[in-house]
Amino acid sequence: MQSISALLQWGTEELSRLYSPEDAYVDACLLLCELLAVDKSYLYAWPDKQLSASVALSYRGAIARRKQGEPLAYVIGHKEFWSMRFTVSEDTLIPRPETEFLVETVLNLLPITTQSILELGTGTGAIACALASMRPEWQIQAVDVSDKALQIAEHNINDHKLKNIRCYASNWFDKIAPMQFDAIVSNPPYVESNSEYLQTEIRYEPRLALVSGETGLDALTYIIEHAKKYLKPKGLLCFEHGFSQARELHALLHASQYQNIHTVKDYAGLDRITYAYC
Ligand SMILES: C[S@@+](CC[C@H](N)C(=O)[O-])C[C@H]1O[C@@H](n2cnc3c(N)ncnc32)[C@H](O)[C@@H]1O
């Protein structure tokens, strides 16, 4: 038997070898909260509570995974996005805070009377679920090429009891019925194949969700070139991209004769979202 405070101290010390003491403490607390299914206040209220050997063993296992650099979301199995909890797995990208900015941009640009949205590369379903929860009257189709990611997306859609999303497998537009949407939204892979960034903690995330050719622009080039066929006249194409890619993307959008092309910066002041009209 070990007390909450003793385990927490041990966990914090272990993680401090890799992370700052503050981050180590936060993660050590979160991992214990997850195992005990309690919130942080419980840990403060009951520091002397003795935990069973099996809880202590599971905690040591979770700390060991985090110590290897595995993202916290994978260790605990979920991540918050748009104030909603999303199950994640090693087959899905972990939803990022900057992607909430894509959701916000789409909500600001589209009228409430919008009927149909297509999301390309849904992963956990985070974008589709956030939009569906804000606009229950919109009909959203969400596709991904990864069957395993789609299983997680289905789980999340059911978990949030969202009835206005249809989720299915498609290699970009391959399985999309010939119809025209009010908007196409995407956070596609956009990292360069030789990026040093791939050596960081993101190495745990699926390469399929991150990398898109040598320049990182293969997926976006394809989407820009093909989206028009699936958009209504004046339909919106809105996507997330790398902070240094806006200029090339504007050129691609111009070449495909999109109108009113804009890039918006994220909260960190970086070019992050570009949108244009058919
Ligand atoms: C950057 S992740 C975005 C995941 C999620 N939408 C989000 O924002 O958190 C890109 C997603 O695109 C999917 N993807 C990659 N290539 C694809 C393709 N050819 N067709 C459809 N989806 C694809 C990946 O499986 C991954 O789920």
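Computed from a prediction, not measured in an experiment: that's the story for all the values here. (Residues numbered from 1 in each chain as written. Predicted model: local features only at pLDDT ≥ 70, side-chain atom pairs only at ≥ 80, totals over all residues. Heavy atoms only, no water.)

**Topic: the pattern of salt bridges**
For step 1, the next point in the chain: The tally for this structure, following the rule as stated, stands at 9 salt bridges.
For step 2, the next point in the chain: Linking Glu-70 and Arg-65 is a salt bridge whose minimum nitrogen-to-oxygen distance equals 2.7 Å.
For step 3, the next point in the chain: Using a relative accessible area of 13% as the deciding quantity, one classes Glu-70 as buried.
For step 4, the next point in the chain: The residue Lys-232 makes a salt bridge to Asp-182 at a minimum N-O spacing of 3.0 Å. (Salt bridge = Lys/Arg side-chain N within 4 Å of Asp/Glu carboxyl O. Buried < 20%, exposed > 50% of the residue type's maximum accessible area, 1.4 Å probe, protein only.)

**Some thoughts on the site of the ligand**
For step 1, the next point in the chain: As a structural note, the neighbourhood of the ligand is formed by 19 residues, with Gly-121, Asp-144, Asn-171, Trp-172 and Asn-187 the closest of them.
For step 2, the next point in the chain: In the environment of the ligand, a nitrogen atom lies 3.3 Å from a nitrogen or oxygen atom belonging to the backbone of Thr-122.
For step 3, the next point in the chain: One nitrogen or oxygen atom from the side chain of Asn-171 is found 2.7 Å from a nitrogen atom belonging to the ligand.
For step 4, the next point in the chain: Expressed as a share of its isolated accessible area of 600 Å², the protein-covered part of the ligand is 95%. (Near = heavy atom within 4 Å. Polar contact = N/O pair within 3.5 Å; in protein donor to acceptor, adjacent residues only side chain to side chain. Areas by Shrake-Rupley, 256 points an atom, 1.4 Å probe, with all protein chains shown as cover.)

**Quick look at the packing of aromatic side chains**
For step 1, the next point in the chain: As enumerated under the stated definition, the model contains 6 aromatic pairs in all.
For step 2, the next point in the chain: Ring centres of Phe-101 and Tyr-267 lie 5.0 Å apart, and the angle between their planes is 70 degrees; on these two criteria the pair is classed as edge-to-face. Here Tyr-267 lies in the loop between β10 (259-265) and β11 (271-277) and Phe-101 lies in helix α6 (residues 97-109), a separation of 166 residues in the sequence.
For step 3, the next point in the chain: Judged by relative accessible area, which is 9%, Phe-101 ranks as buried.
For step 4, the next point in the chain: A residue is classified by how much of its surface remains accessible, and Tyr-267, at 67% relative accessible area, is exposed.
For step 5, the next point in the chain: Positioned above the aromatic ring of Trp-10, the side-chain terminus of Arg-60 is 4.5 Å from the ring centre. (Phe/Tyr/Trp six-rings, centres within 6.5 Å; stacked < 30°, edge-to-face > 60°. Helix = DSSP H or I, 4+ residues; strand = E, 2+ residues; numbered from the N terminus. Lys NZ or Arg CZ within 6 Å of the ring centre and 35° of its normal.)

**Quick notes on the UniProt feature "domain: Release factor glutamine methyltransferase N-terminal" (unreviewed entry) in the chain**
For step 1, the next point in the chain: On the UniProt side, "domain: Release factor glutamine methyltransferase N-terminal" (unreviewed entry) is annotated at positions that read residues 7-77 here.
For step 2, the next point in the chain: Across residues 7-77, helical content stands at 73% and strand content at 3%; the span's end C-alpha atoms are separated by 21 Å. (UniProt positions renumbered as here; feature names shortened; annotations may be inferred.)

**Topic: a nonpolar patch on the surface**
For step 1, the next point in the chain: On the surface, Tyr-25, Val-26, Leu-30 and Tyr-44 cluster together to form a nonpolar patch covering roughly 340 Å² of accessible area.
For step 2, the next point in the chain: In terms of residue count, the dominant contributor to the nonpolar patch is helix α2 (residues 21-36) (3 residues). (Patch = residues over 30% accessible without salt bridge, like charges linked within 9 Å, V, L, I, M, F, W, Y side chains within 5 Å.)

**As for helix α7 (residues 126-134)**
Helical periodicity: at 3.6 residues per turn, an α-helix aligns residues three or four positions apart in one direction.
For step 1, the next point in the chain: For α7, the buried fraction is high: 7 of the 9 residues fall into the buried class.
For step 2, the next point in the chain: Every buried residue of α7 is accounted for by Ala-126, Ile-127, Ala-128, Cys-129, Ala-130, Leu-131 and Ala-132.

**A word on the packing of helix α1 (residues 4-16) against α2**
Relative orientation and spacing of two packed helices are given, respectively, by the angle between their axes and the distance between those axes.
For step 1, the next point in the chain: The N-to-C vectors of α1 and α2 enclose an angle of 135 degrees; their axes lie 8 Å apart at closest approach. As judged from the angle between their axes, α1 and α2 are oblique. With respect to the hand of their crossing, α1 and α2 are arranged in right-handed fashion. Note on element contacts: α2 touches α1 through Pro-21, Ala-24, Tyr-25, Asp-27, Ala-28, Cys-29, Leu-32 and Leu-36, opposite Ile-4, Leu-8, Gly-11, Thr-12, Leu-15 and Ser-16.
For step 2, the next point in the chain: Classifying every residue of the contact of α1 with α2 by side-chain character gives 10 nonpolar, 3 polar and 1 charged. (Axes fitted to C-alpha atoms, helices over the stretch in contact; angles between N-to-C directions. Parallel < 35°, antiparallel > 145°, perpendicular 65-115°, else oblique. Left-handed = near helix turned anticlockwise from the far one by under 90°. Contact = heavy atoms within 4.5 Å. Nonpolar A, V, L, I, M, F, W, Y, C, P; charged D, E, K, R; others polar.)

**Describing the nonpolar core**
For step 1, the next point in the chain: Core analysis: the largest hydrophobic core is formed by 33 residues, its most contacted members being Val-103, Val-106, Leu-131, Trp-138, Ile-140 and Ile-165.
For step 2, the next point in the chain: Those residues within four positions of Leu-131 in sequence are excluded, and the remaining contacts are Val-103, Val-106, Leu-107, Trp-138 and Ile-140.
For step 3, the next point in the chain: Core analysis: the next-biggest nonpolar cluster, separate from the first, contains 25 residues, Val-143, Ala-219, Leu-220 and Ile-224 among them. (Core = buried A, V, L, I, M, F, W, Y, C linked by side-chain atoms within 4.5 Å.)

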